[in-house]
Amino acid sequence: MRNFWVSVLTLTVVVSTSFAQRPNKPSSTEIHHKLQKLNFLGTALYIAAHPDDENTRLISYLSNHDKARTAYLSITRGDGGQNLIGSELRELLGVLRTQELLAARRVDGGEQWFTRANDFGYSKHPNETLRIWDKEKVLGDVVWAIRNLKPDVIVNRFDHRTAGSTHGHHTSSAMLSVEAFDLANDPQAYPNQLQLTDAWQPRRVFFNTSWWFYGSQENFEKADKSKMLKLDVGVYYPELGLSNNEIASIASSQHLCQGFGRVTTRGSQDEYVELLKGDLPAGNSLFDGIDTSWSRIKGGKAIGDILYQVEKDFDFANPSKHIPALVKAYQMLQNVDNEHWKRLKSKELQSIILDCAGLYLEANAAAPSTTQGDKVKINIEALNRSDQAITLKEIKLFGAEAKLSPNIALDNNKKENIEWEFAVPNTTSNSGPYWLNNPWTLGMYAVDNQKMIGKAETPSAFSTEFILNINGIDIAFEKPVIHRYSKPDKGELYEPFVVLPKATSSISEKVLIFSDSKTKEVLVSVKAGMDNASGEVALNHPEGWVISPERIPFSIEQKGQEQTVTFRVTPPVHDSEGNISPVIHIDGEAYGKELVEIAYDHIPKQSILLPSEAKVVRMNIQKTGEHIGYIMGAGDKVPESLEQIGYQVHTIDPRDIQKGSLDKYDAIVVGIRAYNVVEDLKYKQPLLFDYVSKGGNMIVQYNTAGRWDKQFENIAPHSLTLSRDRVTDETAKVSIVANDHSLVNFPNTIKESDFDGWVQERGLYFPKEWSPEFTPILSMGDEGEPQTEGSLLVAPYGEGHYIYTGLSFFRELPAGVSGAYKLFANMLSVGKSEVKSESNVKG
């Protein structure tokens, strides 16, 4: 399960079998490694902007070499990025990338924190970034993280002194860190936080620099390094059987949706940090001059004397022999005054005691989900695999306020099972990412509970506290209620136990385009969250739209089953847009959420509840052609969007492309980043160009420059050079520079107003150079920057046409942007106007 601390060696095995959800079952060497970390009282905080920004080499080094408590504060959850493994974007992508960060931390031994900032996409300057993010709130979240984590050292991934030279989010993360370094110890700064935590002054803040920030290795060699430390992050850990950079590679490979899967590396590797504030360490450790021993806290020396001896004399063949000493140290720790270190080290000691005894404690729910008022059956499993005298005195169930008092002696290797049933309180909140509970803005999530701010995920709705008596001392061990099951093709699996509504609804097509005033059937799927769910479904709608019937009854016998009902939706005669939203009525209660599940092998299954709705758009749109061939790239919903306006879209596997096999299509569309991720395309490029030369129409959507096989150096039939140029302001002025071209005149007349209402950005990775055969159609640019004409290029080739576009259709079409639909329909129709004209002449 994700809430268990997973050690490096175990996770290496887990990753290879793709089941990151399994609980940790450490070996003796891993227990000893945890002991070493227990005996280090120091904290490091690494700060950057997004998932995958973090330097896993340094995080792993601080955690596994220095043995420090190490946390990564990612300012955002990466909501504005792309997705190479699925269709999740925006807030769903943020959930996926959050879990990939947690998977990475399970590998490198770090912890994961966040602010409330929403990744709104690429930003060219921190001034824009901090305005959209609401700087004061995000700065407060960074201060909050520092006050809670109490780091001795902070390391920034990016340079706060280089505004405008790189991603605005990157620079902003460093600027916020440097400012928060001074504010965290100021009682006048964010004083309300001090009701829940204490002010704190970190000792040092560093910038994790490298030659990359200097432009070249040569420049970096010449740089003044008097305030830099050099660390060899390629050290080898015999206990773990891995080099530090091997661990780092495995950790960064968890960012699969960003294409970060990579081979492991080994051997000496230098990492540099530059001191920004605080005193320069005399030695080669970030913690040099900081007391990181047990003597750091009052009353800690006596505890340290015990624990250092356990570490020194550790019996790898029989770790349980150390339990009496560990329990004694735990008992002494409860009497120290330093609440911060008492809480942290008590939790670590509990985990080590559990490991040394081979204790397996689990609360396994019979079903993966429940709902308010339901009855839940759970199986309690308790197993002591040592000769130590351990008694299971009591079990408490948090979330249901239930309690058992079995008072059972746990004999060596004799499993105890207890069947338990409890009622779910009607006041229990539904499960799901806490930051999505309230409406959010482009730049910020709304989280009202200060205690939740910074947390990576929502705590489990139900957890069990096992109170064990070990050597005469009561120690409480908390475990979340989980669901454990098996599949014949995958074996044993774990997933979170979640609380869901009695029923949820969904409309599969998130955007419904009405090109005329004809009625369409809209299918609403109702999914039961309980047995024998029955009620009615209604469909809220914008003014001027007609829904029939007003309500439809449903009855579903078993939880998890679905029933589909059909509404008839009639649009107004004039242009209109808005949302339709299903509402389920059961016993006087209304339910309006959609359940979205994210399930990949490398993360725990995620259950997200979002408002159930679909956008409806009435617009006059014309099109030509019927059959579109679509070559999928990194994943997008453009095919479904094109089907909305009447095209028949056929997905093409590049391996199936043969000479003449594409001739039946009116156009071929290549999905986003296809040349970056679809290796088979390199063998089919001549056939694609042959299709164009014989009169075909080929549209290629954006690719990232240079990230492809050398055979893709020219992805167009004419010379075309991609760049990193982009227009990040979705409201940036767009000018049509080829007013007479058919692309902006047939079959729809494109006006500058058609670029109103675009979302997140105009486009990205525009070409910067192209041959004379290409005609640029549009001109655009962010404020204060020169106009670029590379967003939409069209060129004749033989009897057909080739179009390259960096416009973000993959965002605009699923968002129901009417102007984007009209423009894409025109792109699909290029060349058809000439055919139509010739037909008219002949007629």
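What counts, and at which threshold
Residues numbered from 1 in each chain as written. Predicted model: local features only at pLDDT ≥ 70, side-chain atom pairs only at ≥ 80, totals over all residues. Heavy atoms only, no water. Helix = DSSP H or I, 4+ residues; strand = E, 2+ residues; numbered from the N terminus. Rg over C-alpha atoms; globule rule 2.2 N^0.38 Å. Buried < 20%, exposed > 50% of the residue type's maximum accessible area, 1.4 Å probe, protein only. Contact = heavy atoms within 4.5 Å. Lys, Arg positive; Asp, Glu negative; His and termini not counted. Charge placed at Lys NZ, Arg CZ, Asp CG, Glu CD. Pairing = 2+ DSSP bridges. Axes fitted to C-alpha atoms, helices over the stretch in contact; angles between N-to-C directions.

1. Observations regarding the overall build of the protein
- On a plain count of helices and strands, the protein comes out with 18 helices and 44 strands.
- A compact globule built from 843 residues should have a C-alpha radius of gyration of about 28 Å, and the protein, at 30 Å, falls within 12% of that.
- The principal-axis extents of the C-alpha atoms in the protein amount to approximately 100 × 75 × 55 Å.
- Out of the 843 residues belonging to the protein, those deemed buried represent 58%.
- Counting contacts in the protein only where the partners sit at least 6 residues apart, residues at least 24 apart contribute 74% of the total.
- On the protein, the mean spot of the 89 positive side-chain charges and the mean spot of the 108 negative ones are 3 Å from each other.

2. Focus: the sheet that holds strand S2 (residues 69-74)
- Pairing within the open sheet is mixed, and its 7 strands lie in the order S3-S2-S1-S4-S5-S9-S6. Strand pairing shows two members of the sheet lacking a second neighbour, strand S3 (111-114) and strand S6 (228-232), which therefore form its edges. Mean inter-strand twist for the sheet, computed between neighbouring axes without regard to direction, equals 30°.
- Here strand S4 (residues 153-156) pairs with strand S5 (residues 204-207) via 4 bridges, running parallel. Its bridge partner lying in S5, Ile154 is registered against Val205.
- Together, strand S1 (43-48), S2, S3 and S4 form the strand contacts of helix H6 (residues 135-149), whose direction differs from that of S3 by roughly 150°.

3. So, the sheet that holds strand S24 (residues 520-528)
- The 4 strands are arranged S22-S24-S28-S26 in an open sheet whose pairing can be described as antiparallel. The outermost strands of the open sheet, each flanked by one partner alone, are strand S22 (503-506) and strand S26 (546-548). Across the sheet, the mean angle separating the axes of adjacent strands is 30° when strand polarity is ignored.
- Where S22 lies against S24, 4 bridges are found, and the strand directions are antiparallel. Residue pairing in the sheet places Thr504 in a bridge with Lys527 of S24.

4. Considerations on unusual backbone geometry
- Here Ser548 and Pro549 are connected by a cis peptide whose omega angle stands at -10°.
- Mapping Pro549 onto the fold places it in the loop between S26 and strand S27 (551-556).
- Going from Phe746 to Pro747, the amide bond is cis rather than trans, its omega being -5°.
- Not every positive phi belongs to a glycine, and Asp52 is a case in point at roughly 80°.
- Mapped onto the secondary structure, Asp52 falls in the loop between S1 and helix H3 (56-65).
- Of the residues examined, Asp52 reaches a relative accessible area of 17% and is grouped as buried.
- Non-glycine residue Glu401 carries a positive phi angle of around 50°.
- Inspection of the secondary structure puts Glu401 in the loop between strand S13 (390-398) and strand S14 (402-404).

So, to be careful, I would describe these as geometric facts and stop short of saying anything about function.
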